[in-house]
Structures are given as structure tokens and as C-alpha cells.
There are 6 protein chains.
Amino acid sequence: MHGRIQSPAAVLSELPADLPEQVARALREDIGSGDVTAELIAATAQTQARVLCRQPAVLCGAPWFDASFHQLDPGLRIEWKFADSDRVPAGSILCEITGAARPILTAERTALNFLQLLSATATVTRRYADALAGSGCQILDTRKTIPGLRSAQKYAVRCGGGANHRLGLYDMVLIKDNHIAAAGSIAAAIHAARSRSAVLPIEVEVENLEQLRQALSAGADHVLLDNFELDTLRAAVAFNRAQPRPAMLEASGGVTLERVGAIAATGVDHISSGALTKDILAIDLSMRFGTPAS
Amino acid sequence: MHGRIQSPAAVLSELPADLPEQVARALREDIGSGDVTAELIAATAQTQARVLCRQPAVLCGAPWFDASFHQLDPGLRIEWKFADSDRVPAGSILCEITGAARPILTAERTALNFLQLLSATATVTRRYADALAGSGCQILDTRKTIPGLRSAQKYAVRCGGGANHRLGLYDMVLIKDNHIAAAGSIAAAIHAARSRSAVLPIEVEVENLEQLRQALSAGADHVLLDNFELDTLRAAVAFNRAQPRPAMLEASGGVTLERVGAIAATGVDHISSGALTKDILAIDLSMRFGTPAS
Amino acid sequence: MHGRIQSPAAVLSELPADLPEQVARALREDIGSGDVTAELIAATAQTQARVLCRQPAVLCGAPWFDASFHQLDPGLRIEWKFADSDRVPAGSILCEITGAARPILTAERTALNFLQLLSATATVTRRYADALAGSGCQILDTRKTIPGLRSAQKYAVRCGGGANHRLGLYDMVLIKDNHIAAAGSIAAAIHAARSRSAVLPIEVEVENLEQLRQALSAGADHVLLDNFELDTLRAAVAFNRAQPRPAMLEASGGVTLERVGAIAATGVDHISSGALTKDILAIDLSMRFGTPAS
Amino acid sequence: MHGRIQSPAAVLSELPADLPEQVARALREDIGSGDVTAELIAATAQTQARVLCRQPAVLCGAPWFDASFHQLDPGLRIEWKFADSDRVPAGSILCEITGAARPILTAERTALNFLQLLSATATVTRRYADALAGSGCQILDTRKTIPGLRSAQKYAVRCGGGANHRLGLYDMVLIKDNHIAAAGSIAAAIHAARSRSAVLPIEVEVENLEQLRQALSAGADHVLLDNFELDTLRAAVAFNRAQPRPAMLEASGGVTLERVGAIAATGVDHISSGALTKDILAIDLSMRFGTPAS
Amino acid sequence: MHGRIQSPAAVLSELPADLPEQVARALREDIGSGDVTAELIAATAQTQARVLCRQPAVLCGAPWFDASFHQLDPGLRIEWKFADSDRVPAGSILCEITGAARPILTAERTALNFLQLLSATATVTRRYADALAGSGCQILDTRKTIPGLRSAQKYAVRCGGGANHRLGLYDMVLIKDNHIAAAGSIAAAIHAARSRSAVLPIEVEVENLEQLRQALSAGADHVLLDNFELDTLRAAVAFNRAQPRPAMLEASGGVTLERVGAIAATGVDHISSGALTKDILAIDLSMRFGTPAS
Amino acid sequence: MHGRIQSPAAVLSELPADLPEQVARALREDIGSGDVTAELIAATAQTQARVLCRQPAVLCGAPWFDASFHQLDPGLRIEWKFADSDRVPAGSILCEITGAARPILTAERTALNFLQLLSATATVTRRYADALAGSGCQILDTRKTIPGLRSAQKYAVRCGGGANHRLGLYDMVLIKDNHIAAAGSIAAAIHAARSRSAVLPIEVEVENLEQLRQALSAGADHVLLDNFELDTLRAAVAFNRAQPRPAMLEASGGVTLERVGAIAATGVDHISSGALTKDILAIDLSMRFGTPAS
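Residues numbered from 1 in each chain as written. Chains lettered and ligands numbered in written order. Predicted model: local features only at pLDDT ≥ 70, side-chain atom pairs only at ≥ 80, totals over all residues. Heavy atoms only, no water.

Novice: Which residues make up the overall build of chain A, and what values go with them?
Specialist: The secondary structure content of chain A amounts to 11 helices and 13 strands. Principal-axis analysis of the C-alpha atoms places the extent of chain A at approximately 70 × 35 × 30 Å. The burial tally for chain A puts 61% of its 294 residues in the buried class. Expressed as a percentage of contacts within chain A between residues at least 6 apart in sequence, the contacts between residues at least 24 apart total 73%. Put simply, chain A shows about 9800 Å² of open surface, and 51% of that area lies on carbon and sulfur atoms. Each charge class in chain A can be summarised by its mean position, and for the 28 positive and 31 negative side chains these summaries are 2 Å apart. (Helix = DSSP H or I, 4+ residues; strand = E, 2+ residues; numbered from the N terminus. Buried < 20%, exposed > 50% of the residue type's maximum accessible area, 1.4 Å probe, protein only. Contact = heavy atoms within 4.5 Å. Areas by Shrake-Rupley, 256 points an atom, 1.4 Å probe, with all protein chains shown as cover. Lys, Arg positive; Asp, Glu negative; His and termini not counted. Charge placed at Lys NZ, Arg CZ, Asp CG, Glu CD.)

Novice: Lay out the pairing of strand β11 (residues 248–252) of chain E with the relevant residues and their values.
Specialist: All names here are of chain E. Of all 5 residues in β11, 4 are buried, a share of seventy percent or more. Taken together, the 5 bridges between strand β10 (residues 222–226) and β11 define a ladder with parallel strand orientation. Looking at the pairing, D226 lines up with S252 of β11. In this region the chain leaves β10, passes through helix α9 (residues 230–241) and returns to the parallel neighbour β11; the handedness of that crossover is right-handed. Note: β11 against strand β12 (residues 270–272), 3 bridges, orientation parallel. Among the inter-strand pairings, A251 is bridged to a residue of β12, identified as I271. (Pairing = 2+ DSSP bridges. Right-handed = clockwise from strand over helix to strand, strands pointing away.)

Novice: Outline the interface of chain C and chain D, supporting the account with residue identities and numerical values.
Specialist: Each side of the interface is counted separately: chain C has 53 residues, and chain D has 53 residues. For the pair chain C and chain D, the two sides together bury roughly 4800 Å², of which 57% comes from carbon and sulfur. Counting the contacts that link chain C with chain D gives 4 salt bridges. Note that D30 of chain C is salt-bridged to R150 of chain D, the shortest N-O span being 2.5 Å. Summed over the shared surface of chain C and chain D, the result is 19 residue pairs in polar contact (both at pLDDT 80 or more). Every element with two or more residues in the side of chain C that touches chain D is listed here: α2 (19–31), α4 (101–131), β8 (173–175), α6 (177–183) and α7 (186–194) of chain C. Looking at the side of chain C that touches chain D element by element, the count peaks at 7 residues for α4 of chain C. (Buried area = accessible area lost by both parts, 1.4 Å probe. Salt bridge = Lys/Arg side-chain N within 4 Å of Asp/Glu carboxyl O. Polar contact = N/O pair within 3.5 Å; in protein donor to acceptor, adjacent residues only side chain to side chain.)

Novice: Could you give an account of the relation of the copies chain C and chain D, naming the residues involved and the relevant values?
Specialist: The two chain copies are related to each other by a rotation about an axis together with a translation along it. Structural alignment of chain C on chain D gives an RMSD of 0.0 Å, achieved by rotating through 180 degrees and translating 0.0 Å along the axis. In symmetry terms, the pair is related by a two-fold rotation axis. Closest approach to the rotation axis within chain C is made by the C-alpha atom of I280 of chain C, at a distance of 2.4 Å. Of all interface residues in chain C, 100% are interface residues in chain D too; the two copies therefore contact each other through one and the same surface. (Least-squares fit on C-alpha atoms with pLDDT ≥ 70 in both.)

Novice: With reference to specific residues and values, describe the packing of aromatic side chains.
Specialist: Residues and elements named next belong to chain A. Applying the stated criterion across every chain yields a total of 21 aromatic pairs over all chains. On the basis of an interplanar angle of 45 degrees and a centroid distance of 5.3 Å, the ring pair of W64 and Y155 is categorised as tilted. Of this pair, W64 sits in helix α3 (residues 62–70) while Y155 is found in helix α5 (residues 150–159), placing the two residues 91 residues apart along the sequence. Overall, the relative accessible area of 12% leaves Y155 in the buried class. (Phe/Tyr/Trp six-rings, centres within 6.5 Å; stacked < 30°, edge-to-face > 60°.)

Novice: Can you explain the interface of chain F and chain A? Please cite residues and give values.
Specialist: Taken together, the contact between chain F and chain A spans 15 residues of the former and 11 residues of the latter. Of the roughly 1100 Å² buried between chain F and chain A, counting both surfaces, carbon and sulfur atoms make up 54%. Taken together, chain F and chain A are joined by 1 salt bridge. A salt bridge links R102 of chain F to E14 of chain A, with the shortest nitrogen-to-oxygen separation between them at 2.4 Å. Counting across the chain F and chain A interface gives 2 residue pairs in polar contact (both at pLDDT 80 or more). Mapped onto the side of chain F that touches chain A, the elements with two or more residues apiece are α2 (19–31) and α4 (101–131) of chain F. Of all the elements, α4 of chain F adds the most residues to the side of chain F that touches chain A, at 3 residues.

Novice: Explain the relation of the copies chain F and chain A residue by residue, including any values.
Specialist: Rotating chain F by 120 degrees and moving it 0.0 Å along the rotation axis overlays it on chain A with an RMSD of 0.0 Å. Here the symmetry operator amounts to a three-fold rotation axis.

Novice: Would you mind going over the environment of T125 of chain C in detail, with residue names and values included?
Specialist: Residues and elements named next belong to chain C. Tracing the backbone shows T125 in helix α4. Considered as a pair, T125 and G162 are 37 residues apart in the sequence and their alpha carbons are 6.1 Å apart. If near-sequence neighbours (up to four positions away) are discounted, T125 is found in contact with I139, V157, G160, G161, G162 and L276. A polar contact is formed between the side chain of T125 and the backbone oxygen of T121, at a distance of 2.6 Å.

Novice: Just give me the short version of the sheet that holds strand β7 (residues 138–140) of chain C, but keep the residues and values in it.
Specialist: Residues and elements named next belong to chain C. With respect to topology, 6 strands assemble into an open sheet ordered β7-β12-β11-β10-β9-β8, the strand pairing being parallel. The sheet is open, and its two borders are formed by β7 and β8, each paired with just one other strand. Ignoring strand direction, the axes of neighbouring strands in this sheet form an average angle of 25 degrees. Here β7 pairs with strand β12 (residues 270–272) via 3 bridges, running parallel. The residue bridging Q138 from the neighbouring strand is H270, located in β12. (Axes fitted to C-alpha atoms, helices over the stretch in contact; angles between N-to-C directions.)

Novice: Outline the packing of helix α8 (residues 209–217) of chain A against helix α9 (residues 230–241) of chain A, listing residues and values.
Specialist: Residue and element names in this part refer to chain A. Viewed as axis vectors pointing N to C, α8 and α9 meet at an angle of 25 degrees, and their least axial separation amounts to 11 Å. Viewed along their axes, α8 and α9 adopt a mutual orientation that is roughly parallel. The chirality of how α8 crosses α9 is right-handed. Contact residues: α8 offers L209, L212, R213 and L216, while α9 offers T232, A235, A236, F239 and N240. (Parallel < 35°, antiparallel > 145°, perpendicular 65-115°, else oblique. Left-handed = near helix turned anticlockwise from the far one by under 90°.)

Novice: Pulling in residues and values, what's your account of helix α9 (residues 230–241) of chain D?
Specialist: Residues and elements named next belong to chain D. With 12 residues, α9 ought to run about 16 Å at 1.5 Å a step, and its terminal C-alpha atoms sit 17 Å apart, in line with that. Among the residues of α9, those classed as buried are L233, A236, V237 and N240. Looking down the long axis of α9, one finds its buried residues gathered within 100 degrees of arc, a one-sided arrangement. Of the surrounding secondary structure, the elements contacted by the buried residues of α9 are α8 (209–217), β10 (222–226), β11 (248–252) and α10 (260–264). (Expected span 1.5 Å × (residues − 1). Arc of directions from axis to C-beta.)

Novice: Outline the sheet that holds strand β8 (residues 173–175) of chain D, listing residues and values.
Specialist: Residues and elements named next belong to chain D. Ordered in space as β7-β12-β11-β10-β9-β8, the 6 strands form an open sheet in which the pairing is parallel. The open sheet has two edge strands, β7 (138–140) and β8, and neither has a second partner. Pairs of neighbouring strands in the sheet enclose a mean axial angle of 25 degrees, with direction left out of account. Two strands pair when backbone bridges link them, and strand β9 (residues 202–206) and β10 are joined in this way by 4 bridges, in the parallel orientation. Bridged to E203 within β10 is H222.

Novice: Which residues make up the pattern of salt bridges, and what values go with them?
Specialist: Any two side chains of opposite charge can pair, on the condition that their charged atoms come close. Applying the stated rule across the entire model yields 72 salt bridges over all chains. Measuring nitrogen to oxygen at the nearest pair gives 3.5 Å for the salt bridge that ties D284 of chain F to R54 of chain F. Of this pair, D284 of chain F sits in the loop between α11 (275–278) and β13 (285–290) while R54 of chain F sits in the loop between β2 (46–53) and β3 (57–58), and the two are 230 residues apart along the sequence. Relative accessible area serves as the criterion here: at 32%, D284 of chain F is assigned to the partly exposed category. One connected set of salt bridges, linked through shared partners, spans D30 of chain A together with R143 and R150 of chain B.

Novice: So what's going on with the arrangement of the chains? Which residues, and what values?
Specialist: As for chain D relative to chain A, no contact occurs, and the smallest C-alpha gap between them is 9 Å. At no point do chain C and chain E touch; the closest pair of C-alpha atoms across them sits 9 Å apart.

Novice: Give me the lowdown on the pairing of strand β9 (residues 202–206) of chain A, citing residues and values where you can.
Specialist: All names here are of chain A. Buried residues dominate β9, accounting for 5 of its 5 residues. In this structure, strand β8 (residues 173–175) lies alongside β9, joined through 3 bridges in parallel fashion. The partner of I175 across the bridge, within β9, is V204. Once you follow β9 into α8 and on to strand β10 (residues 222–226), the crossover reads as right-handed.

Written as C-alpha cells, this is what we have:
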């Protein structure tokens, strides 16, 4: 636990380039032609607010939260008690905001909407990551994300201890049955894909061990074993390990917190689940106002 | 149940003006520098796909789904079996898409991401609306929404039988304790707000019956009764009805499917819940590919 | 009269969220590929400029004026002698700008274009508001605005002592004859509209007292009496006041400075006029350059 | 008078590249999260509407009007009875719109706002152009324009028979007293400017005949004679004509419809007036609905 | 050689999502407030134009060329004689455009600017690819690209027979000396990077064989051998092949058409060169106008 | 040679208004969802970097370079040893950057991409300008530019001692054979063009001396002599000088560094060449990292 002043610039390098735009868009949709209640507050009024987290959570979204306030008023001071990725006990004060009352009240909802959403994803990912601790298997996200916020959610998955699958259609080849049918064979599909980019990883989604065999012999970097039984997963792992150049194996389908440990025990490298990003149970946050410290 | 070809233009009037931008943004974040797997499919290949809904749901998001495909290829043909707001049984085919295979495969995930998200909100709203059926009380949404998609989620709430609370900070005055403290009294706050707009509705959030009395005598249009016990809600309703110009009463706090009927039975006009839009349990959809009908 | 340094951030809460974009767009259309005359001025030259108002006016647009300069050079210092909404005598110095000469010269025209436009709207609105002083009746704007600047003009109307009618098609239901014909009756139209939003005010435009009766009995919040004779307005007011839940009555049509007092005397609550925002007589401003104070 | 179907594409070449964006922005600010009254009209309803012009005017803005409807629904059919630049008698029907009722009602106000604004500028410009007919002198606009709509207003000036002064700070050098002081002399300022662009016209604003002499001998392309008396204007014209390479002379200051003929009679080439674009008296238009022709 | 009508939609899947925006931006910067020469051509005039390629080249940019015309006028008909990636002899007609004369003249320069730029990159890449033919070694691009056009240039490299290196800072880890110093060792840097994404390839830039050894033993997917002598490259290849899991080896530095074959002969998998995209020798194209075919 | 701290604001007046957008776009395309290697560097690490120029060059692009860093982190300190337009010897240090290591590493490539591109254009332009020194003839650019960067390249041409031809289709009339054919004659085309704008320069492209004669008698401001032999150019110059109001003569076609002196010696005013902006030989720059000065 540590106090710090979050500077948006200082963290921008490793954050999505569209973070400022995501925040600006959210502020615009909430403020519209002007906050009609803000005028009830004197322009010179100062205030202090604290964000309370009412449930155990993994914090995520501080840079979005900060930007929500700083895009309105760069002079607001935000002091964090926790950092993104930290586990936060129920009842914790996450941060304190001090400064002009109007922009704090105006940005409050937008800032909390980001924080409760991204912390939700980090928190649920953390549960899966904890269930896999020690197994050598990683939990991965998917492209089943909230439209317009994929880069933010991918960041949240990392904060929760997960790792990212491909960002979109552009940074990895994922060959499915449609593509195999079109190319004629798994080998033909992999060969066609390899010529496009020297560095794009190639994954093949397979339905059985015979397809796995074809994918491996054609040089797939990753193989997605979709809806395989545990026994078949074990056989796939064994077969893969016997290859001169084994691929990374990813299991998907029927992934729940209860089953994830058993899936990992088969020896697969990755388990992916759409639930990390398509389902949201917003973390319960609230903002409490007080008198500014002097 | 009815077949139709959805034309984006035909429904645009009552839809959010930023719908096309929401869809374009989602496509951009997924396609990036190009769908690296699309080239495995012949440019001239045609296909047919069906969207299957694997659980009972209220459909919502067809215009976003359609736009996802039509922004890539206006020539794709989409025939819907259900319309937004329809209750859909588990196992239903929602629509059929026919046309060029590449754009169908490229837009698939984006289109489904919108549909599973917005149908989730419509479906959960429908459950609350059903629980209130016959009570004369409406379920309302809040500003606790997914950043960047508020207008879409507000539409989904309407599809689910709910009604919309304010859109943002600009279209309604909602006076909270900060504003009351700043203005000096509830009456002073209402008076100051009234002069800004002739048509803006004014709501006051109150904590007890005395504050309700002040809000009513100052002419509030709506009063938000936050975290009131059922007995106190009943007293508030009775007091309000005895006024020459009663306000609309809204209850919030501790709203669950189990409790919502009892809250409505107190006689309040509206019940609002952040859960409609901040929590998401994506509807389980999948796309099945076949041979195009000729 | 008071001196102050305008900080864009400090006033943003109650201002349109698109203010920065309105200013950026105006600067871009004026500067284009670069101010070709600016290079004649040394990059290090400092200057001081004063804005002179050559006619009596109500000031409006200071935040837009400030942003025009500060988007080019945040280091420019602007000291205002008047604030938005202030009545300004002819010949007044409105503000002084001190700093680098190039950005001051480059932004001058854009800044003045905003100020002369918005002050024009505030000034004409003030005349109507003065004519209504003491009547209890408010002057309202309409949707007849300059494309792209509605939120700015709505703000100017408030600065002139008027109040805002609806912002757009999204924040109020205004039922006209087309809608009544489509719905079958005024009552049916109001009922259909009410279910969409719990808080959207509903107004009906009526042509005669019988339609007023129908609108009131169906629970309209506002009624627009378009082109009513003064006698009929008086009858409408009397009828409305006799209702258990009277609506707000708005008169429109044939509104001039000469007639507005007589219309208000009928007892209507609001008078709306498109002329506030669709006609512009730019306030006569000029910038005078001098030596910077040291 | 002629009937035609306006196609946005067919006229785009000579129209501002930001026309589509100007229209999209205006539609967005009016429609926001959706036209709440549109749902009262059946999605399948068709209608026909006519635009009536209640005063004599010069038509301007048809491409903006058309785009307002076609961005919502490309299927709407618009038949014009007049073309931009045409003189229109009071009481004329300008065009007929046929198609789906919802998009017609939704875009109505935006389309009319453009048409009444741009026709206002064309109409007032036409009055000045008529007053100059036969004089060989042209009426010019200035940079005193409505922020965000300069290119549209410059087009309107051309439709009214005026000619355009510079578009912005980037396409012409206009040397004023600040620049002369900075450069040391008129000649030095012109010389410095000439090196930037081979084709940029150079204009010098002068206050007396001696400055005119300096500007001419330094090779100015245009000279702006600001607030000159008529006698001095005549002397300036005579002096200029006696030069080997006369410049174009522009008079400004105190330009009214009453005086403009006398100013032209001095022999100046151009007269510029900010009033063409900074003052707006919207043309009185209305839309009448009927049954669609079949 | 084959005739076809290029439809933007049909190829969009595998093209950059920002293609339409790249084209719109280019048209806007060229057209500005309107093509002032277009009005000299009758609005109804039709024309036909052919694009002539005056030097041997590899065609690239047809979708950008098409979009330049179709964004102005979707009705223009463009018939291609060659497709992207085709080798084109000097003196070839690339395509014919038929339709309205104004939009063809207005878009001509923008369309050619894209075509001459992207064909230049494809053509130079082709030379390198040809020099590597049969070697099993691929030529790769870098991040040394024209700002704003990276995705287009990456596409051009593929059309020329090259393969793409990483798209940007987000889709591959490239560990350089700064990162090694910060992490403490190559192994520590690779380990830290691996946890972020399960699918991101990891490359290490090394300066000598000892660093190569460290990179390989830490599991690097790719190793960049910067400015290695040919002998050292051969030693690196031999060492790598002796590993249980060899990495892909990339050579860079001092890459010229003359030396590229010798570098490939060392056995490296990839050779990268910034010259493919940072240097441009525009292909010599011109448009010839004729009478439209009837 | 001089040290200075570049402030983006201080130079913005005469720079393109879209400079910040050009830089933001370039950063976004490189950073995407986040710089995956940045996290290997401690968030608190500081560094110092120097930009080395490995070949003789004319510096251009410092404001773009600065903005690339300052948009990520306004706190970075950049000290320049040279200014735009300066001739820089091979081996020079151009500037030093001091501050947080992460944003410096993240922005490095984008900043260098701008600098190497724009300095390339300035450098090649300088060679032409030097070849014309003392001749009174200026080298001009064309519209053959890199899409999206025209304003930046036009600035680079000025830095290299060239002058700008028209910016786009909107700021000058350039009458070519298509327009002459459509208008009926050169005189008719010039007359039609003159009425649009009072200040737009008019140029006519001619193919022979007879057309030159027509253009001059019709009052063309500039005449473009395309692909004229040297003798014919001399005849054209003589004929033009004999006119009462000579035009500016521009030669184009076959312009090389070898021939440009001879073309200038014919007495033409301007020589234009597409090669200045359509061909790019990026200047060889690199960034060297060190320990920050304390």
C-alpha cells in the first residue's frame, strides 16, 4: 500500500493510445450541453472526496479514473492508496480527490463507471489466475469484449493476473473450420497465412486429435482445443510433447472456476474464457464527500 | 414472429445518432490493419450464416448488428425472424445472413458482441418489468452505464419494458445533498435550477420525510427516496398523494428481483436500479455457417 | 465590474462538453496550413491587446474567447473586466490580453467571431427578458439555431435572462399534428410517449381550446399555443388554471418586442421565439493593440 | 424554374469538403440519443412535404438540405423547383420531399436551419451585388463568419453574386499595421511575405495615400483602403491607375446598401463588408406536409 | 491480365480499417473549401480517363485509388486491367474510369498520389523479394514508415512479395539494450515480457553470439542480429540450428540489393530493411482523358 | 548554432493547424493498445537521448518531433542545437532530450519518422534552391504529395528555400486543357473563374506560344509552360515582358538538378517539380541514449 500522485503522462507508454479518447467520449456523453446541476455549486467551492470500495476486489482503471477528472480540471489532486493490480479488502478507501467542487461532482459518475467496470474484469480474472496458481497454465481472454473498450479490458485482464490472447483480427492468424475448408487442408491454410507476416503467430482451432496432428506437422505455433474432454486434452498434451517442436496448447469451452483447475491439470498451456470480458459484475464503489484537508 | 429485411436508415430516427460511430469504432478496434485470416477465403466465396440464441432472452441490438455487417458490405442480406423487444425462446434462430463470405466472417464477432450485450440488458430489464406488471410502477435505469455505450443501453432498457431516467447531466436537474448544502436549502436549490430551463424536470434526492415535505412544497417534479424502508415509502406515498400537486416518487437502493414487487406495492411511481446497465451477463449466442440458399 | 483571470477548467462543468471542439474547429478553418502573415512578427515579440465593445450589450462567450487563445498558447494572460451575463455600456473595454504577439494575432478573429455572435444572442434575449420583467413569464428559445452551435447559443440565451426550451429531439416529447394523426388522438400520443422515459417532459402543440382540453385531460406537462389571439390565450390560461393539475402554457407565433408584454399579460408561463437564435446582429467589437504592461 | 433530383455526389467537387461533416454534426446535436417523438409515427408510414418560402429570397443551401435528409435515409426523393442562386418570389414552393415519414420529420429542422441561414446570406449579398450592377465593382465577404461554417457562408456569398475574399489566414497575405511595424516598412513586409509562396496574393491595409504609394511601389497585388472618405478613394483610384502595374483596390468601412453605389462610383475594384456573414436574418421558410403523390 | 470492377466492400476485410479515413483525409486536404476549377466543367459532363504507367512496376493501391473516386461519386465506374501485386510493364494502361467529369477531375490527384506511393513501395520490395527467390529467406519491413500511412505501406510490402514485421509497439515485444539493462539480463527481460500476453512473439536484438546464446536459452521466438558480419551470421545460424527449439533469425543493417543475396545465403530466416518504407521513388503515372465509351 | 527549448505553442501560428492531429495519429498507429516493451523499464527511470544526423542535411520537422514527445509527456525537456531551415553538417547532434525513459522510448520512432521525412524534403529542396541562387527564379512544389501530410511537406519546402505553389484545389485556379475545352476558350475559362473569388490567383497551363498569348491577353496571373524547350521558354519570357501587365511564368517538366540552372536562365519566374515531395530519401538519423545530465 502506497501513496502517489497519478500522472496520466507517466503511464501512457504501456497504456492504450485510445485511453484519452475513451475518457473524452464518456465525459461528452454524460455532460452533453452542460451539467445543469453544477451551477448550484459556487465556482470557487473546494471539496474533498474519497472512493470507498465495498467489496474485496482487484483494483483496475486508475489511469481512466484520473483522466476523467484531469480532462475537466488538470488541477485536481488525486492521491491513491492502492495501485492497479493490487488486491483491495472490502471497506478500503481507494483514493482521495481534492480540488474544485464542480469538476469533481461532474466527473464523479464517469470516473466511477470506468473503475467499477475494469476492476470487475480484473477481479474475476484474478479468481481464475489464483485457481491456476502453480499449474504453469495461464488464463487468457478472448475477442468477446465490450465494443469500444477492448484495449481497456485487455489491460484489466493483465491486472488480474491473466494474459492476453490476440488483440483483434490483425495480430494473429486463427484458423477455423471455414478457413480450413476454403484452403483445402490445415497445412494449406497455415502455409498461406505464413507468407503474410513473418512474425504473426498462427493458431489452429481443432476438433480432434487427428486435426491436432495435422496442425502440428504443418508448424502451427498455437493450437486451440475447443470443447475437448479432459481425457482427450491429456492425450493431446502427450502427443504435443512428443513432437520435435511442440506448439502451445489452449483449451476452451466449458470453462468455469470449478473446472479450471482440472483442465489445467491436463497440462495445457492456456485456458481461454469469454466470460472474463463479456460478463460484468460491477465492483461496488461509492464516493464520499468531506471537507478538504488544509 | 416475422421475416423482414432490416434497413439501417428506416429505424435511425428513434435510434441514437451515435449508433454508426459506435459500430465503426468497434469494427476498427477489431480489424485494425486488416483481418489476417480473411485472405484464406476466396474473395468471391459466398456463404450463409444463422445466429442461434441458446437461452431464453429479450432480443435487443438488431440495428447495431446490421450496421456491423453493412458498414463492411452494404450488399449483405440479413433476414430477421424476431424484432427488438421480442421474447425469444432458447434454441431460436434469430436471423439469417447471406452474401460474401469475407465480410460476414470479419464482422461476425463485432456484431455478436453488440447483440449479446444489449440483449443482456433488455433481458434483465424484462424480468424487472414483468415483476412490476400490473402495479403501475415502472423500472428505471441510471447513469451507471458502460462508458461510450449509454445511448445504446438506454435503448436496451426500453426494449426490455423499462423506462429511461435522465440521459446525462444535461437533461434533468437532480439535486443531491451537496447541492442542497451549497444552495442553503432544498427550496433555494429548486428555485435556482428552475431559472435555467423552462422544461428541464427537477428531481430532489431526499433522506427522510421532512426533506420530502420540503421538496414537494418547493415544487419538485420528481423525488428520489433513497434507501427508504418499506413503511417509510408507504408514508411518503400517502403524504405525496395528499398534496395539491403531487410529484413522481422514485425508490432506489436495495432493489432486487425478490424485493421489487414489495417496493412497488408501496405505491411509488418508479424504481431505479444501476444493476440494469452496470452488470452484464451476456446472452449466449453463436453463429452457424451453412450453404447459401439459392 | 470585476477583474478575473478566466480559467477554462473552472467553468467547464456547466458549459457544453463540445466547447473545446467548437473552438478547435473554428481555429482549424481559419488557420488551415498556417497563418502566412504571422511570420512577419518576431517569434519572441510580446504584445497587449484590449477588446472594445462599441455598443451597449450583454456579454456572452468569454469561455469560447478564452479557449480560442489558450488552445494556441496556454501562456496568454486574459483579464476580464466583465463576466458573461453582465450588461456592458458602449465604449467599454471588455478584457485585456497579454503575451506572445503571434498567437494573439492568429486567434484574434476566431475569438471575436465567437464573442460577437454569442453576445448578440444574449443581448437580444435580454431585451425580451426585460420586457417580461415582473410578469412571471419567461422567454424561451427554440431549435431554430445555427447548425453546430446549438449548445453555445442555448448558453447565450441563459446569459441574456431567457430560459431554454428542449435541447433537441431527444430530451422532450413535442407532439404535433403529424403525431396526433398517426397516434389517433392526443391522448393516445401522450400515452405512447410516456412509456419511453419516466422523466421526459411531454408537450403538445394545440391549435384550439378543444385540443387544449384534450391535452390537459391526458396529462400533458406543457402545452404550446401556436398563433393564438390574445383573447384565446386568456381563455386558455383560465381553463388551464381551473384544472386539478395545470400544465405549463407556452405561447408562440408573432412574437415581437412590441407584442411580448401583451402576450405575457394573458398569463401564459412561457413565450418562445426562434428569432433569439436564428437571427444574428453581431455585436460591434474590435481589438486594440498596445504595449504590454510591465 | 426547373425540376431536378439533387444528387449529393454530383455537386461535391465544387462544394466544401466538410459539407458532409457540417451536416452530420448538426444532425447529431439535434437527434442525440434518439428522436423521442419519432416512435409515434409508424415505421412504414410514408409522407410528402413541401418547403414554402414566405419572402422574396435568393436560394442557397440545397446541397446541405439534401444531405440532411439523405444522411438519415438515402431513399428519400427530393425534387427542387429552384436551384441555388435562383431568385425566389415570396410564396414559392422550393422543393418537394417524398418518402418515409420518420426520417423526414427527424431531419426537417436541421435541413431548414441550413437553408434559412445560407439563403439569408445569399439574399443580402444579392442586394449589394444588385446595387453594384454595371459598376464593374464586386462585393466581397470577410473572415467575420459563423464559427464552423465559413466554407458554407463563402459559398452563399457566391450564390448571391458576391465574390470571396481570402478563405482564412493561410491563402493570402494581409499586411496590417502590426506587421508593418514589425517588419520595419511596407516594402520590407511585402518582401518577406513574397518568399513564402509564389502564388499567394499579397494585400496591404493602408490608412492614407502615402501608404498606398509605398504598397504599390513594393508590388502589392491588392490594397485595402480602410475607412477612406469618398474623395480620398477617388484620389487613390487615380493614383493607382497611373502606375505601370496597378493593384486591385478594395474599400472597406461604413459599407451600407445606401452608400455602396457611391463607393463603387469612385472606381475601386472591390468593396468588402463583414455584414454579409456576421449578421443573419434567417429567411422565413416552413415545411408543409401532405399526402405522397402515388 | 483481367478486367474487373473493384468494389471497396469486397476487399475491405483484409485491408486496413483506416483505409476510408486515409482517403477521406487526403481528399479533404486537397479539396478544402471546394475545387475552384471544377465549376468550369458542366455538372452534366461525362468523361473517360485512363491511367498510364510509364515504367515497369508492381501495382499497389487499387483500393485506395478506387475509394478516392467513390467517396466523391459512388457512380463512377473503374475497370482495372491489373490487380494489386501484378507486375506491370512500362507503358501499360492500368485502368479506365468512366463517369461524371467533375468528380473524376477533382479526385484525380489524390487517387494518383496513393497509387504512385504504394506502388513505389511494392516495386522496391519486389526487387528485394526477387533477389531472395529460392533462398527461403524473406524480406521484412520495419517501423520506419510514413506517419499516418503505416497500415497502407505494410500492405504494399505484402503486395511486393515481402512479409510484415511487427505493426507497432503493441503486437510484438522487441527487446533492445535499454530493456536488457533495465531488466538486468536478457532472460529477465524475456520472462517479464512473456507474462503480458500468451501470444505476443518475443524478439531480442543482440550484438554478439554470446547474447544470441542467452536469448535462445531464454526462449526468444525471434532474434535480431544487427550489423553482423557475414561470417558471424553464418556462425549464428549454425548455433541456432543446433538448439532444441531454434528461433527465427533476422538480419538487419547494411542491407542493399547488392548484398541481400549474400546475407540470405548465410541461412538467416529474415532480412529487414527500413528503406522499403522510409524511402519513396514515386512510380511515374499519368491520367489521360478521352471520350467515354458508349 | 543556438540552444533553445522548443515550445509547441510558440510556433503554432505559422504552422499547419493539423500538426497536432498528424502527430496524434502517428502515435496512435504505433502505440495501439500499448507499448508492450515499455513495462520492462521502471516507471520512474530517467534518461537522456541525443539525435545524431549522419549526413549533411537541412533540418526540418522540429515542431513535429517535439509534439511527438510532448503529447506523451509534456514534462520532457528538448534542447535543440539547430533550428528548422538550418544546414546541418554530417555527424551533428541535433538535439538532446531529457526526462522519463518510458515516453522517450515510446515516442522515439514516431518523432524520428517525422524528422527524417521532412528533413529529406527540405534537403532536396535546398539543392534546387542553391542551384537557382542569384537567378531570381524560385523552385516550387506541386500537389504531388504524401496523402495526409501535404501541409507538413509544404512547410518543409519553405524550410529548404523553396516557395509553395497552391495548397490544394481551393486556393488557386489552375486551368488545364479539360477546362479550356469545356469553357470554349482560354478567355472564357479565365472570365468564369474570376467571378468566383476576387483574390484567387488564376493560372493557365499552356502548350505553345499561341496559347500563352491568349492567356496573357485574358489577364492570367500565372502561366504554366509545361514541357517547353529552352528556346521556346526564352521566346515566352520575351513575349511576356513585352506585355503591359506581364504574368508570372512557371516552367515544369523534365526538371532535374542538372537542368534547373539552364531553365532558370531563360528568365522564367518559377520552376516547379513534383519530385520535391513525391520522392523521399529519408535523412539518416539515429538516437543515442546516455545518462541524463544532472
